[in-house]
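Here are the chains, one letter per residue:
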Amino acid sequence: MDDVPAFGQANLTNCEREPIHLAGAVQPHGALLLLAEGSLRVLQASANAEAVLGLPAADLLGQPLTRVGGDVASRVSEGLTALGRDPMPLAAHVGPPQQPRHLYGTLHRPPGGGLVLELEPRDSPTLVRTPLEGEQGAATLADAVRRITSTASIQTLADALVKLTRELTGYDRVMIYRFDADEHGQVIAESCDHKLEPFLGHHYPASDIPAQARALYLKNRVRVLVDVDSEQQGLTPTLRPDNGQPLDMSLCQLRSMSPLHLQYLRNMGVTASMSASLVRDGRLWGLLVAHHGRPRQLSAPARAGLDLLSEVASTRIAAIENYAHAQVALLVRRLEQRLIEATSTEGDWRQ
């Protein structure tokens, strides 16, 4: 049995053991800081800190978060009082009050302690505006929820969800993979540009999604790849200075993806992607997947909206399947009763 490969060093024979949660790098449209929780001192910073925050990573290390400027430190301090197990969204800015640079942010506690702060500029050139944002965002989301919860079968739900997602995000292709008991996948619904070859009905082996990737899909429900060819930004220092271990990036929004997965997407002609987990009874029922031919970045509010829609869809899937199972169980019980009655009165159940 091969040893566990370092992130980025896996091949097709050992990719199921690649520690993708220890990527040690982020996508370049946002910056990551690891903070000591008590002092809010910067322990690690991504290499693109200067491009996003205006200060090189080297100038931030060992410094209090106030060094970043703006209201970032105060926003993080305020958020700590309500921070739970899931990443918390926050809004902040850096730069002078006359010309602030506004940021989307998320805050969470990673395994190993400390705080992970991720910050994305709201003026990124790859950022697209969606109907899930702005004054009408809540109304748009409420209407989408109603459309999902009104479906009466798995197929009508899947068809509605891919159509809705494409309308709301603008991706070239949106699909739903459904997994069977052996974790093989099938595309059961699709909405795509008419110029693209349809994937509806295609089957995929379970090996396409390794076990450790499935585990991350349960922890971090919505993941976005902005540009398959962008230069990933490593963390400085490489290991956490407080415990000498790699940073666990399981819940990071900006986490870099495996080079094997990136090459897989390139081979398909995909530049940007999004995936949202569909979960039933703690297991991965399927995936809502979107592909695009050009770089495409969804804002934090848009990702939050998709997270909610995938959770609503997951709940609806469970309700539909539970109802179907209940109906089948009722039919079986009726059949059992008929067999008992026929045997007792006629002596031959076959009639």
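Residues numbered from 1 in each chain as written. Predicted model: local features only at pLDDT ≥ 70, side-chain atom pairs only at ≥ 80, totals over all residues. Heavy atoms only, no water.

What about the overall build of the protein?
Broken down by element type, the protein carries 8 helices and 15 strands. Counting only C-alpha atoms and orienting by the principal axes, one finds that the protein spans roughly 90 × 55 × 45 Å. Each of the 351 residues in the protein was classed as buried or not, and the buried ones make up 48%. If you take every contact in the protein between residues at least 6 apart in sequence, the share linking residues at least 24 apart comes to 62%. (Helix = DSSP H or I, 4+ residues; strand = E, 2+ residues; numbered from the N terminus. Buried < 20%, exposed > 50% of the residue type's maximum accessible area, 1.4 Å probe, protein only. Contact = heavy atoms within 4.5 Å.)

Things to note about the pattern of salt bridges
Per the stated rule, a full pass over the model turns up 17 salt bridges. Here Arg280 and Asp281 are joined by a salt bridge, their closest N and O atoms 3.5 Å apart. The exposure class assigned to Asp281 is exposed, which follows from its relative accessible area of 66%. Linked through salt bridges whose partners overlap, the residues forming this network are Arg178, Arg280, Asp281 and Glu321. (Salt bridge = Lys/Arg side-chain N within 4 Å of Asp/Glu carboxyl O.)

Quick look at the packing of aromatic side chains
All told, the structure shown has 1 aromatic pair when counted by the stated rule. Between Tyr177 and Tyr204, the aromatic rings sit 5.5 Å apart at their centres with planes inclined by 90°, giving edge-to-face as the arrangement. Remark: Tyr204 occurs in strand E10 (residues 203-204) and Tyr177 occurs in strand E8 (residues 173-179); sequence separation between them is 27 residues. Owing to a relative accessible area of 12%, Tyr177 belongs among the buried residues under this scheme. Residue class for Tyr204 comes out buried when judged on its relative accessible area of 17%. Directly above the ring of Tyr171 sits Arg296, whose terminal nitrogen or CZ lies 5.8 Å from the centroid. (Phe/Tyr/Trp six-rings, centres within 6.5 Å; stacked < 30°, edge-to-face > 60°. Lys NZ or Arg CZ within 6 Å of the ring centre and 35° of its normal.)

Some points on the side chain of Glu321
Along the polypeptide, Glu321 turns up in helix H8 (residues 300-346). At 2.9 Å, the side chain of Glu321 and the side chain of Arg178 are in polar contact. In contact with Glu321, other than residues within four places in its own chain, are Ile154, Arg178, Arg280 and Trp285. (Polar contact = N/O pair within 3.5 Å; in protein donor to acceptor, adjacent residues only side chain to side chain.)

Observations regarding the environment of Gln63
Structurally, the position occupied by Gln63 is in the loop between helix H2 (57-60) and helix H3 (72-80). Linking Gln63 and Val42, residues 21 residues apart in sequence, is a C-alpha distance of 5.6 Å. Contacts of Gln63, omitting those with residues within four sequence positions, involve Leu40, Arg41 and Val42.

Quick word on the nonpolar core
Grouped together as the largest cluster of nonpolar side chains are 34 residues, with contacts concentrated most on Ile148, Ile176, Met274 and Leu298. Of all the secondary structure elements, the ones that give two or more residues to this core are helix H4 (137-149), helix H5 (154-169), E8, strand E9 (185-192), strand E11 (222-225), strand E13 (272-280), strand E14 (283-292) and H8. Setting aside chain neighbours within four positions, we find Ile176 in contact with Ala158, Leu161, Val162, Gln186, Val187, Ile188, Ala189, Leu278, Trp285, Leu287 and Leu288. With 27 residues, the next largest nonpolar core counts Leu40, Val42, Leu65 and Leu115 among its residues. (Core = buried A, V, L, I, M, F, W, Y, C linked by side-chain atoms within 4.5 Å.)

Some points on the pairing of strand E4 (residues 88-94)
Residue alternation in E4 divides its side chains into a buried set, Met88, Leu90, Ala92 and Val94, and an unburied set, Pro89, Ala91 and His93. Taken together, the 7 bridges between E4 and strand E5 (residues 101-108) define a ladder with antiparallel strand orientation. Note that in E5 the partner of Met88 across the bridge is Leu107. What sits between the antiparallel neighbours E4 and E5 is a turn of 6 residues, in which Gly95 has the positive phi angle 90°. (Pairing = 2+ DSSP bridges.)

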